[in-house]
Amino acid sequence: MSIDTHIVADEPVALAASGLSLAGPRDFFQLMKPRVMSLVIFTAIIGLLVAPGSLPLYNSIMAIFCIAVGAGASGALNMWYDADIDAQMTRTKKRPLPRGIMAPRTALTFGFLLSVVSVWMLGLATNYVAAGLLAFTIFFYVVIYTMWLKRRTPQNIVIGGAPGALPPMIGYAAVTGTVTLDSTILFLIIFIWTPPHFWALALYKLSDYGRVGIPMMPNVAGPKSTRNQMFAYSLALAAVCAAPVFTGLGGPVYAFGALLLNLGFVALTFKVWRSRAGEKDEVQPESLYEVQKGDRDARNLFAFSILYLFAMFALIGVDHLLRGSL
Amino acid sequence: MQEYRNKPENFVEPTPEEIKARTKRNIALAAGLLIFVILVFVTMVSRGQLPNAV
């Protein structure tokens, strides 16, 4: 495997003449991608909740805290490496590094320190299987996805979806100290969900990715092929979501809710499949949810897909609690 | 005695905003370190890794 030679850490940054940066704690928090972190925390909590066995409350809180910090650390390392392309994309140009208020080396140090601390603390608070999985997650996101795949292949987010899918498995392993079929199913739900989720965004933010040379599926294979693949993934996702019913991870409440949610997901993906989303190449709006006419279906799917994942994991958790109380 | 540290040749007075930002960073760093030490201690106690702990 060869890694990009592009390194941003030593590039000069437009700091003030005094050499002091204007970055405050809020900017460091911004480096940790708090919006992504919220999904990580939520799915990790569900993994921890549905795992057989129990963990003392303090250790459970520590496990979630460490997983969140580890995810934040990989976000900071990702922003360090991608500062050059972040500066050119409307969605990311307001991040702390493109704004020039922080030296790239600071983000690198911050991300590296948090990585080490979060993995070590998770091992201390729970077990070293969970800590190993967290270390693997950070490594995969930073090295395999950010440095290797992201700028090279349109399959970047398919393979790169793995680290985003690992938090519930880590939460589960924090309790059991092992990887099981059920924790693999939790992983697969997020893993298969990732391509249609990101490609929906890529379809209506096509020029943004194209301008910076990121080979997203719509740029490389074309919008039509992307829409076909998204539809195939939505069917695969529905199949994976049925698995918990057979393994005992999900009960009747889960089965009913998952059926409705997946019907919605497949229906919205079907609408995208029939649309002409991504087939215009004009300057695209700045906001994440603003779209050009024609891309509305892709925007709707992107918005729904976030709600979908939260709802799916909430269902798994609620179903588990309901069955436990009966 | 030889002084090995680099001496600033052109010292530029930091602006009040820069000093304010630095103070905030320092406070956050101190708080972070304090929380880290407390968490390590409590975690080790909770795992029974401090034999003489209460």
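- Under an unreviewed UniProt entry, the name given to chain A is Protoheme IX farnesyltransferase, and the organism recorded is Litorimonas cladophorae.
- Reading the Catalytic activity (unreviewed entry) entry of the UniProt record for chain A gives the comment "heme b + (2E,6E)-farnesyl diphosphate + H2O = Fe(II)-heme o + diphosphate".

### Details of the overall build of chain A
So, point 1. Counting its regular elements, chain A contains 15 helices and 0 strands.
So, point 2. Counting over 326 residues, chain A shows a buried share of 56%.
So, point 3. When contacts within chain A are restricted to residue pairs at least 6 apart in sequence, long-range pairs at least 24 apart make up 78% of them.
So, point 4. Accessible area for chain A stands at about 13600 Å²; split by element, carbon and sulfur atoms hold 68% of it.

### Focus: the interface of chain A and chain B
So, point 1. In this complex, chain A contributes 20 residues to the contact, which on the side of chain B involves 19 residues.
So, point 2. Summed over both partners, the interface of chain A with chain B comes to about 1600 Å²; 71% of that surface belongs to carbon and sulfur atoms.
So, point 3. Per-residue buried area on chain A facing chain B is highest for L20, Y58 and L124 of chain A; these three make up 34% of the total on that side.
So, point 4. One can count 0 salt bridges joining chain A with chain B.
So, point 5. Remark: the boundary between chain A and chain B carries 8 residue pairs in polar contact (both at pLDDT 80 or more).
So, point 6. Of all the secondary-structure elements, those providing two or more residues to the side of chain A that touches chain B are helix 1 (25-31), helix 3 (57-81) and helix 5 (104-125) of chain A.

### Focus: the UniProt feature "transmembrane region" (unreviewed entry) in chain A
Residues and elements named next belong to chain A.
So, point 1. When the UniProt feature table is mapped to this numbering, "transmembrane region" (unreviewed entry) covers residues 36-55, 61-81, 102-122, 128-148, 230-247, 253-273 and 301-322.
So, point 2. Note that residues 61-81 is 100% helix and 0% strand, and that its end C-alpha atoms are spaced 30 Å apart.
So, point 3. Within the segment residues 102-122, helix and strand shares are 90% and 0% respectively, and the terminal C-alpha atoms sit 29 Å apart.

### Quick word on unusual backbone geometry
All names here are of chain A.
So, point 1. Despite not being glycine, K33 has its phi angle at roughly 50°, a positive value.
So, point 2. Tracing the chain through its elements places K33 in the loop between helix 1 and helix 2 (34-50).
So, point 3. Judged by relative accessible area, K33 falls into the buried class, the value being 15%.

### Here's the deal with helix 10 (residues 181-204) of chain A
All names here are of chain A.
So, point 1. Between the first and last C-alpha of helix 10 there are 36 Å, a value that for 24 residues agrees with the 34 Å anticipated at 1.5 Å per step.
So, point 2. Along its length, helix 10 reaches its greatest deviation from straightness, about 35°, at T194, and the proline P195 lies no more than four positions downstream.
So, point 3. Of all 24 residues in helix 10, 19 are buried, a share of seventy percent or more.

Scoring rules and cut-offs
Sequence order as written defines the numbering, with residues in each chain counted from 1. Here the convention is simple: chains get letters from A, ligands get numbers from 1, in the order in which they are written. Selection of residues for local features in this predicted model requires a pLDDT of at least 70, selection of side-chain atom pairs for listing and counting requires 80 or more, and totals for whole chains, interfaces and linings are taken over all residues. Hydrogens and waters are ignored; side-chain quantities use all the structure's heavy atoms. UniProt positions are given in the numbering used here, feature names are shortened, and annotations may be inferred rather than shown by experiment. Helix and strand labels come from DSSP, where a helix needs a run of H or I of at least four residues and a strand needs a run of E of at least two; each type is numbered from the N terminus. Working definition: with a 1.4 Å probe on protein chains only, accessible area under 20% of the residue-type maximum means buried, over 50% means exposed, and in between means partly exposed. By definition, residues are in contact when any of their heavy atoms lie within 4.5 Å. Here the accessible surface of atoms and residues is derived via Shrake-Rupley with a 1.4 Å probe, and residues count as covered only by protein chains that are part of the display. A simple way to read buried area is as the amount of 1.4 Å-probe accessible surface that goes missing from two parts once joined, with both sides added. Within this document, salt bridges are pairs made up of a side-chain nitrogen of Lys or Arg and a carboxyl oxygen of Asp or Glu, the two lying within 4 Å of each other. Polar contacts, as used here, are pairs of N or O atoms within 3.5 Å; protein pairs need one atom able to donate a hydrogen and one able to accept it. Residues neighboring in sequence count only if both atoms are side-chain atoms. By definition here, a helix of n residues has an expected span of 1.5 Å times n minus one. A residue's bend is simply the angle between two axes: one fitted to the seven residues ending at it, one to the seven starting at it.

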